[in-house]
Every structure is written in structure tokens, then in C-alpha cells.
Amino acid sequence: MRRQQGMRLDERYVPYLQMAGLYHLVRLNDRWFKIDEPLLSAFVERWRPEMHTFHMPFGECMIMLQDVAYQLGLAVDGRYLFADKSGNHIHIRWLPYVARIEEMGSYSWGSAALAWLYRCMCRVANRHVVKWSGYNPSVSDKGPRVQMWRLQIDMLQPRDFIWMSYSSPEVLQVVHPEALEPRHTALWRSVTSLIYFAVIEWHQIDRVLPQFGGVQPRPRSALNIDFLMSKDGKGGDRWFPSALQHWHLHWESRADHVLRFDVVADPGPSHTYLDWWSQHGKRFLSPEMYLGDPRGIPIPVEASQRVLG
């Protein structure tokens, strides 16, 4: 994320941004964000569009509604948002939705932002993951750094990964309080659709229970929504809400799909999961000459002691 240098927020806009639930997001404009592009590339090549998870050596992790709330301060609960795929215009058909500024705070900005992020990640992953997996250093000066980060991730051990990255009290002190209201936090655990006009994605947090303090069992098969990737609001699918009403109903019943499980002192994948993951997961991307034989890595003892709840 970058901002234009010297760009200041006019204080006259603040009340309206607060009313729309976007003021905390705009406040991020006060600082610069440095992007490590090779590190970002090393993670994108681990993104699996069919699961919306990153494939790591020890299991899966993902960007969730919880991350959107903590990082951007965006509310989760609310009505799904309609906007065109350019990301900065509202189609005239939906103009009445945004004309009443006092109602803008009732939309689920968080789910819309995550749906768009998922779609962008999937498009980039589908287009470049094969190239990145065999990154040629002679083609780009970023190649060696991508290879370095790829190997660093490949060498990560389960104990090196912080499953619950927001559990620190220091983090809670800087989070927008509205994002932590129970009606929003409950939906962080919801397996539901994410909607941003023509973009519909799936929030599959049932594959990453350790990120909420749980034990990860062997997951179910991923939901196949490949056909939704072709929906971009152009041509014959421009006015698609009635045709895809099934996915809208998923969001409307989001509270009924909140997962319930035990929170444990040592969250992580179960022994059953790791046994399955060692056979089916895309765990390592570096050449074997750097890794040795990864199949010989034993399942951690602590995984055998985790009890599913």
C-alpha cells in the first residue's frame, strides 16, 4: 500500500468517513508502507486459488476476515456491497446505495475488501505461479531474492510459525474498537461467501482452525467455484444478482455457519492432518538440491498430543 507524497486529509471529510465506517482505513494514509516484492512473490506462488490458502511446509494458512478487521479496521457484519471491478467507481444501477451517506456504515466493507483481494490473488497465481516456481535469476534482478525467500519459507518449522498473531495485548490497544464488536468478531469464524458485486469468493476458514486457537483435522474437499472466476460484471453477466442468488443467500445466513471448536493452549495441525498433508500438500518449492529429501522430516511429537475438539 502506498500513498501520494504530501497528500493530506481534509478535516471536512472526517465526519462523513466516520459515518461510512472508513475513517480508520483512511488514517493508514498517514504513513508509508514498504513492500518487499520478492517476499510477496514468494508467498503468492504458494497461494492455492481452489482453497484460498497458502501452502506451507507444515500446513495451510490464509488471509481472513479477522486480518481485514485488524489490519484495516473495516467492519465485517453488514450488507454485501456492489461496485464495478475497477475498484474505484460505483455503477449507476447501485448509486442509490451510496447516495445516502448515513447508510454507508451498514455495508460489509471488510468482506468486500477480502473478496477483491482473493480475486486478485487468484488471478495473479493462475497467471504466474508456474513461472515463479522456476524463477530464473538471469531474467530479473529480483530472482535471487525470490529464491532466497522461497528457501526461507521451505525451511520453516512449525514452532517458527505464530498461529495467533493478534493475541498480544499490545495489538488490541491499536485496533479500531468498532471492528472488535461481537457481531463482527463472530463472523471471523464463518464459512461463507464473500461478495463484491461481480466478485464472489469463499471464506474457507475450516482449513485454518489453528489461526483461531484450534486443532486442525483433516479438511474436507475444497469447494469448486472455478466458474465464478469468469464473472467480472461485463457482457451478459453484468446484472447477475438474480442468477447467483444462491451465493447471496450464503452471506445472508452467515451467522448460521460460524464454526465452533475448542481453543487449546497449543494450536496447530493434528497428527492426522500432517500425515495427510505430507502426501497431498505442495509443501516445498525450492529445488531438492537445497532441501535434501523433505520426505524424511518426521511429524512433530506435539502434533500427536493435540486433541480435536
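Computed from a predicted structure; not experimentally measured. (Residues numbered from 1 in each chain as written. Predicted model: local features only at pLDDT ≥ 70, side-chain atom pairs only at ≥ 80, totals over all residues. Heavy atoms only, no water.)

Once that is clear, we can look at the side chain of Arg254. For Arg254, the location among the structural elements is in the loop between helix H10 (245-252) and strand S7 (268-269). A polar contact is formed between the side chain of Arg254 and the side chain of Asp77, at a distance of 2.8 Å. Contacts of Arg254, omitting those with residues within four sequence positions, involve Asp77, Gly78, Leu187, Ser190 and Thr192. (Helix = DSSP H or I, 4+ residues; strand = E, 2+ residues; numbered from the N terminus. Polar contact = N/O pair within 3.5 Å; in protein donor to acceptor, adjacent residues only side chain to side chain. Contact = heavy atoms within 4.5 Å.)

Turning our eyes to something else, we now look at the side chain of Arg207. As for its placement among the helices and strands, Arg207 is situated in the loop between strand S5 (199-203) and strand S6 (215-216). Residue classification places Arg207 among the buried residues on the basis of a relative accessible area of 3%. Polar contacts involving the side chain of Arg207 include one to the main-chain carbonyl oxygen of Arg220, which spans 3.0 Å. Setting aside residues no more than four positions away along its own chain, Arg207 makes contact with Met51, Thr53, Glu60, Gln216, Pro219, Arg220, Ser221, Ala222 and Trp276. (Buried < 20%, exposed > 50% of the residue type's maximum accessible area, 1.4 Å probe, protein only.)

The next subject is the confidence of the model for the chain. Per-residue confidence for the chain averages 80 on the pLDDT scale, and 80% of its residues sit at or above 70. Mean pLDDT in the chain bottoms out at helix H5 (residues 95-99), which sits at 64, and peaks at S6, which reaches 96. Contacts for the low-pLDDT stretch residues 83-88, under 50 throughout, to residues beyond four places or in other chains number 11 contacts. Note on residues 129-135: pLDDT is under 50 here. Beyond four places in sequence and across chains, it has 16 contacts. (pLDDT = per-residue confidence, 0-100.)

Below, the discussion takes up helix H7 (residues 143-154). For the α-helix, the turn length of 3.6 residues means that residues three or four positions removed from each other point alike. In this model, H7 (12 residues) spans 16 Å end to end at C-alpha, consistent with the 16 Å of a helix rising 1.5 Å per residue. For H7, the set of buried residues is Gly143, Val146, Arg150, Ile153 and Asp154. The arc that holds the buried residues of H7, viewed along the axis, is 100°, so those residues lie on one side. (Expected span 1.5 Å × (residues − 1). Arc of directions from axis to C-beta.)

Of all hydrophobic cores here, the largest spans 57 residues; its most connected members are Trp47, Trp109, Trp188, Ile205 and Trp247. Of all elements in the fold, only helix H1 (14-20), helix H3 (37-44), strand S2 (53-56), helix H4 (65-72), helix H6 (109-133), strand S4 (192-196), S5 and H10 reach the threshold of two or more residues within this core. Broken down by element, the residue count for this core peaks at eight residues, all from H6. In this structure Trp109 touches Ala20, Leu22, Leu74, Ala75, Leu81 and Met104, once residues within four positions along its chain are discounted. By size, the runner-up hydrophobic cluster in this structure holds five residues, among which are Tyr273, Leu274, Trp276 and Trp277. (Core = buried A, V, L, I, M, F, W, Y, C linked by side-chain atoms within 4.5 Å.)

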